[in-house]
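Each chain, letter by letter, is given below.
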Amino acid sequence: MKDLTMEKLVNHCKTVGFVYRGSDIYDGLANTWDYGPVGVELKNNIKKVWWKRFVQENDNTFGVDAAILMNPRVWEASGHTTSFADPKMDCKECKRRERADNLIADYAKKHKIDIVVDTMSNEEMEAFIAKHKVACPTCGKCNWSSIRQFNLMFETSRGVTDESQNKIYLRPETAQGEFVNFLNVQRTSRAKIPFGIAQIGKAFRNEITPGNFIFRTIEFEQMEHQFFCKEEDSMKFYEEYKQKALNFLLDLGFKKEELRFHDHDKLAFYAAAACDIEYLFPMGWSEVNGIHNRTNYDLSRHQEFSGKAMTYLDPTTNEKFVPYDIEYSIGCDRLLLACLCNAYDEQKLDGGDTRIVMHFHPAIAPYKVAVLPLQKDLNDKAREIYKSLQKQFMVTIDEAGSIGKRYRRQDQIGTPLCLTVDFDTLNDGTVTLRDRDTMEQVRVKTEDVAKYVQEKIAF
Ligand code: ATP
């Protein structure tokens, strides 16, 4: 995987239908991408396994699906209207807009300079860029404007007449949907602290830096879990969620040595602790998810701005308090990109051929089985098997081309099992199942296939 470049991955994704450029026939729209037939399956499966792990199997966790458009007061309370901004500079030569912190981080990575960008002030960033003559990635010149803060929220408006138009925002994070529903969920679910609220949903950020394929986009999905607890337990749960987040990635098939924790050097003023999990992407170590001890900042702010008491009454001690919150947030698209990078492999086969194979965990593979009749006369039998498996799994059927070519087509989209139907199938009701990774084949009774697949895709 290590000689995998982003360019190669983007081409592969386009060729087989994982991800296409957004608005492709109109030459695209920067930082937007569309998921194709196998991409949408992969994405849905990632959401499914995340929900299973962090809601279904997580004690005391409740899901919500909050509206994308929220009362603008929410963003005042959360601080986004005033401080959700990136330091931007414009190239005076080619007019390209760049994030100063990212320019410095990329430069430091390339030149092996040990520097913590998070803690730098605007003046320090400007000084660094001037001293090292950090060039514009587009035109190669170093002639920058001074740094200005650029708010990342997308604005829109609502109202039936021009006069009644009110400014509202596309949410820049899903988290506030969980916070504003804290009281609703606690009451309706009779939830006792500690408990969690989870959500998967779209978020929008006017990111000015083009972002390494789907790593950084202006529209993306977040999978988030807020865990509400007592202050004294918060660091224990923070550590627990760090571990849970890491285990989730390891169980998906990521290698330990390609993941690492990165503790934040600069904490937000309200945070008690914060760290990211980074993955070794083709462009280097970069964040996949964040885990934060946000103290009781968010609920307290909503209490202040909404006038509603965001308190919890402990039924045993009768103590009333605003709970602390441990946030675990992972971008679904960013995780999907990491899964693509982790799965991608090119293998030399006996006979000189090369195969591209995506070693996805079977639970997230787009199709679980590909049904392949060996000859035309077997198509009816193959269709019968395909129809019956279809009731339980995403299955595909491929009747055209040599069997070798058909295996290759499935390998490159990561189908864990190929089921071949041959003349013995008609005689004894057995089929061959070929494993994507080992390419080994086993003979199985048709009626046992579903159980075999079920075991293979367990997560
Ligand atoms: P970054 O430093 O990469 O901008 P962040 O620290 O702002 O990310 P959070 O606000 O903590 O990110 O969001 C949680 C997660 O959402 C991130 O870890 C990442 O997986 C995902 N995410 C954030 N911004 C984007 C984006 N523009 N495109 C895709 N995913 C994103």
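Predicted model, so just to flag it, every value in this text is computed and none were measured.

Turning next to the domain arrangement of the protein chain. Here the protein chain is partitioned into domain 1 (6–83 + 153–341), domain 2 (86–150) and domain 3 (367–456). If you average the C-alpha positions of domain 1 and of domain 2, the two centres end up 27 Å apart. Every contact between the two is made by twelve residues of domain 1 and, on the other side, twelve residues of domain 2. Interface area, domain 1 with domain 2, both sides summed: about 960 Å², of which 51% is carbon and sulfur. For Glu207, the salt bridge goes to Arg99, with nearest N and O atoms at 3.7 Å. Inspection of the region where domain 1 meets domain 2 yields one residue pair in polar contact (both at pLDDT 80 or more). Taken together, the residues of the side of domain 1 that touches domain 2 break down into four nonpolar, four polar and four charged.

Looking now at unusual backbone geometry. Between Ile193 and Pro194 the backbone carries a cis peptide bond, its omega angle lying at 5°. By the secondary structure assignment, Pro194 is in the loop between helix H8 (182–188) and strand S9 (195–204). Look at Lys133: it is not a glycine, yet its phi comes out positive at around 50°. Phi at Arg190 takes a positive value of approximately 50°, unusual for a residue other than glycine. In this fold, Arg190 is placed in the loop between H8 and S9. Classification of Arg190 as exposed rests on a relative accessible area of 68%.

Our focus in this paragraph is the site of the ligand. Around the ligand, a shell composed of 16 residues is seen, among which Arg205, Glu207, Arg216, Glu287 and Val288 lie nearest. Thr217 is positioned with one of its backbone polar atoms (N or O) 2.9 Å from a nitrogen atom of the ligand. Contact with the protein chains removes 84% of the 590 Å² of surface that the ligand exposes when unbound. Broken down by secondary-structure element, the contributors of at least two residues to the shell around the ligand are strand S10 (219–229), strand S13 (284–293) and strand S16 (324–331). With five residues, the single largest contributor to the shell around the ligand is S13. Class assignment for the residues of the shell around the ligand results in four nonpolar, seven polar and five charged.

Strands sit in the order S5-S4-S6 across an open sheet of three strands; the sheet is antiparallel. The open sheet has two free edges, formed respectively by strand S5 (97–99) and strand S6 (148–151), since each of these has just one partner strand. If you compare each strand with its neighbour and ignore which way they point, the axes differ by 50° on average. Pairing of strand S4 (residues 85–90) with S6 involves four bridges; the strand directions are antiparallel. What sits directly across from Ala85, in S6, is Asn151.

One way to see where empty space is left: roll a probe the size of a water molecule over the atoms. Reported here for the second largest pocket is a volume of approximately 390 Å³. Around the second largest pocket, the lining comprises 15 residues; the ones closest to its centre are Lys48, Val49, Ala363, Lys368 and Ile457. Per-element tally for the lining of the second largest pocket: the top contributor is helix H2 (residues 37–56), with five residues. Of the residues belonging to the lining of the second largest pocket, the class tally is eight nonpolar, three polar and four charged.

Thresholds, definitions, all that
- Residues numbered from 1 in each chain as written.
- Predicted model: local features only at pLDDT ≥ 70, side-chain atom pairs only at ≥ 80, totals over all residues.
- Heavy atoms only, no water.
- Domains from an automatic or database assignment.
- Contact = heavy atoms within 4.5 Å.
- Buried area = accessible area lost by both parts, 1.4 Å probe.
- Salt bridge = Lys/Arg side-chain N within 4 Å of Asp/Glu carboxyl O.
- Polar contact = N/O pair within 3.5 Å; in protein donor to acceptor, adjacent residues only side chain to side chain.
- Nonpolar A, V, L, I, M, F, W, Y, C, P; charged D, E, K, R; others polar.
- Helix = DSSP H or I, 4+ residues; strand = E, 2+ residues; numbered from the N terminus.
- Buried < 20%, exposed > 50% of the residue type's maximum accessible area, 1.4 Å probe, protein only.
- Near = heavy atom within 4 Å.
- Areas by Shrake-Rupley, 256 points an atom, 1.4 Å probe, with all protein chains shown as cover.
- Pairing = 2+ DSSP bridges.
- Axes fitted to C-alpha atoms, helices over the stretch in contact; angles between N-to-C directions.
- 1 Å grid on protein atoms, 1.4 Å probe; cavity = no way out; pocket = protein on both sides within 12 Å on 5 of 7 lines; lining within 4 Å.
- Points joined across faces, edges and corners; volume = space filled by probe spheres on them.

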